[in-house]
Structures are given as structure tokens and as C-alpha cells.
Amino acid sequence: MTGKAPNLKIYVDSIIRKHPSETFYCHTHQHIWHNIEPYKENSYVGKMTLQEIFLFCSRRGNKSKPFNEWWQRKTLNRHVDSFFKKEKNIDFTSLPTSNDGGRYMKLASVVELLRDLPIRNQMSIIQTDKVLEVHPGGTRLTLKDFYLDPVPVFLYSYEPIDFLEKITRDNIEILNPESAVHVYSQEELSQDVITVEPPTERYGIQEFANYGGTKYIKTDNEITVDSKLIFLKKEGEWIINPNFNGCT
């Protein structure tokens, strides 16, 4: 994991918001299998919709409390409010690279995801006896009411799971071969935990020279990016334009 140190105030028992003990970079499915095989008894793979992932993560009792509190900070409304907190017209080409990139990152990432559908890279979920976490994939959950197709999922769980397949050498074909297997070995864990992270592009102002959208304009009920209507306000909540297809 790169960037700023993670905020652990919400996820006191967080695992994947800390640095992994080991990271194995993979270039083929055989590499992935070699690094997952020692942990195969707790590893599952398959496809779920974003809505199904959200419901699973939010309905697991006490383990879901940090996820649900985290989600309240990651809604589309919060991303919009943060992005436009000072102005209603934002032109990336006029922003210095030293600007507060974090303020623009999440909404810019959502826009980039919308412009690059379908979702091809897997999301990674862990479930221990204390916590349930999603990483990578949290930003993609913002699309849960818009993007309805199943996406690849890797899940590492202390508890048996019956809606995904136990991982095997054959079914890992669903995962991106250019991935990293992270191993977390922490004193408070009864056993090691792994995640499988696909190659992730960096979106937003940090690399705005390569960013596809530059001009954001917000009115009371609409947000356009480069003259394309992407977000609408409906019943007081910001939603993704149901008619947006990435190229209209």
C-alpha cells in the first residue's frame, strides 16, 4: 500500500489498512496459485454484484460496524461535497500539482471508473473473527446502485462461505494475473490473512496530466464533466446519471 498512513480511528482492528508482512508480485495465474495455495482452505473466488458485496459486508453483526461507519464517509454525496466544497467550477488544467490532491481523488476516481466500464479487476474482501474489510474495491462500491453486472471477487474468510467456490488452481482464472498477493501476519491474528490486489491505476489530481476528465461544473441538480452529464440530484441525493454510458 502506498500514500499517506491509514487512519485507524474507524478500523481499530483493521488488518489491510496496515502494511503487509510480505508482498508477492505475480505475473501469471501460476504465480498467483503458488502464493495462495498455502492459504487455500480459507480462500474463495467467484463473482458477485456490487450490491451483493455491499449487503454481505454490511450485515455481519459486530464485524460490520466499522464497515458501515466507513461507508457513511464514502458515499457519493460525501465525495461531491468534498470535491466542490469551495467552488462550483473546477478545471484540472488550472490546478497546481501541489494542490490538495486528496480532496479531488475519490470523485475523480468514480468518474474514471464510469468511463472505463465494465469492471474487470477483482475486489478483495477479508472476514476475520473481529473485522470485515474491502480493499481494493471500496471506491467501486460507490457504483453499487448503477453498475449491476457481477464482478470478480476474492474473499478470505475465517468462517466457511457457501456462495463462492473454494479456490483451486483452475478457478483462479477469474483473477487478474498481474496481481499482488499480500500476506498479513499480525500478533492479534489467530492466523495469517491474505488479499489479492490487481494492478491499480492512480486517478485524480496526483496524475492529472494523464486524467481523462478536466472540467467539472456543478449546478443545483447536475454535475457535468467535460460537458457530459454524469451525476444528478434525485430526492436530495446525488446519483449517477442512469443514462450515462461513458461516451454520450
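We now turn to the structure provided with this report.

Analysis parameters
Residues numbered from 1 in each chain as written. Predicted model: local features only at pLDDT ≥ 70, side-chain atom pairs only at ≥ 80, totals over all residues. Heavy atoms only, no water. Axes fitted to C-alpha atoms, helices over the stretch in contact; angles between N-to-C directions. Helix = DSSP H or I, 4+ residues; strand = E, 2+ residues; numbered from the N terminus. Parallel < 35°, antiparallel > 145°, perpendicular 65-115°, else oblique. Contact = heavy atoms within 4.5 Å. Buried < 20%, exposed > 50% of the residue type's maximum accessible area, 1.4 Å probe, protein only. Salt bridge = Lys/Arg side-chain N within 4 Å of Asp/Glu carboxyl O. Pairing = 2+ DSSP bridges. Phe/Tyr/Trp six-rings, centres within 6.5 Å; stacked < 30°, edge-to-face > 60°.

1. Observations regarding the packing of helix α2 (residues 50–58) against helix α3 (residues 65–72)
Packed helices, taken two at a time, are described by their axes: the angle between them and the distance between them.
Thinking step 1. Axis separation between α2 and α3 bottoms out at 8 Å; the angle between their running directions is 125°. In this view, α2 runs oblique relative to α3, as classed from their interaxial angle. On the side of α2, the interface is formed by Phe-54, Cys-57 and Ser-58, while α3 contributes Phe-67, Asn-68 and Trp-71.

2. Examining the environment of Thr-93
Thinking step 1. With respect to the helices and strands, Thr-93 occurs in the loop between β3 (89–91) and α5 (101–114).
Thinking step 2. Classification of Thr-93 by relative accessible area gives exposed; the value is 56%.
Thinking step 3. Put simply, Thr-93 and Thr-214 are 121 residues apart on the chain and 6.5 Å apart in space, counted from C-alpha to C-alpha.

3. Considering the pattern of salt bridges
Thinking step 1. Considering all chains together, one arrives at seven salt bridges under this definition.
Thinking step 2. Between Lys-63 and Glu-159 there is a salt bridge; the shortest N-O distance is 2.6 Å. Remark: Glu-159 occurs in the loop between β6 (151–157) and β7 (165–166) and Lys-63 occurs in the loop between α2 and α3; sequence separation between them is 96 residues.
Thinking step 3. Given the relative accessible area of 32%, Glu-159 is considered partly exposed.
Thinking step 4. Linking Arg-120 and Asp-116 is a salt bridge whose minimum nitrogen-to-oxygen distance equals 2.9 Å.

4. Remarks on the sheet that holds strand β9 (residues 193–197)
Consider a sheet: its strands pair through backbone hydrogen bonds, and that pairing is either parallel or antiparallel.
Thinking step 1. Across the sheet, which stays open at both edges, the three strands sit in the order β1-β8-β9 with antiparallel pairing between neighbours. Either end of the sheet is taken by a strand with one partner, and the two such strands are β1 (22–25) and β9. Taking the axes of each pair of neighbouring strands and ignoring which way they run, one obtains an average angle of 15° across the sheet.
Thinking step 2. Across four bridges, β1 lies against strand β8 (residues 180–184) in antiparallel orientation. The partner of Tyr-25 across the bridge, within β8, is Ala-180.

5. Thoughts on the pairing of strand β4 (residues 123–127)
The side chains of a regular strand alternate between both faces of the sheet.
Thinking step 1. Burial analysis of β4 places five of its five residues in the buried class, which makes it a mostly covered element.
Thinking step 2. With burial as the criterion, each face of β4 is covered, one bearing Met-123, Ile-125 and Gln-127 and the other bearing Ser-124 and Ile-126.
Thinking step 3. Relative to β6, β4 runs parallel, the two sharing five bridges. Residue pairing for β6: Gln-127 is matched across the bridge by Ser-157.
Thinking step 4. The pairing of β4 with strand β5 (residues 132–134) spans three bridges and is antiparallel. Of the residues in β5, the one forming a bridge with Ile-125 is Val-134.
Thinking step 5. Linking two consecutive strands that pair antiparallel, namely β4 and β5, is a turn of four residues.

6. Focus: the packing of aromatic side chains
Thinking step 1. This model, assessed by the stated rule, comprises eight aromatic pairs.
Thinking step 2. Geometrically, the ring pair formed by Phe-56 and Phe-163 is edge-to-face, given 5.3 Å between the ring centres and 65° between the ring planes. Remark: Phe-163 occurs in the loop between β6 and β7 and Phe-56 occurs in helix α2; sequence separation between them is 107 residues.
Thinking step 3. Classification of Phe-163 by relative accessible area gives partly exposed; the value is 38%.
Thinking step 4. Seen from their ring centres, Phe-67 and Trp-70 are 5.5 Å apart, and the 35° between their planes marks the pair as tilted. Taken together, the residues Phe-67 and Trp-70, both in helix α3 and three residues apart, mark about one turn of the helix. Pair check on accessibility: Phe-67 and Trp-70 agree, each one buried.

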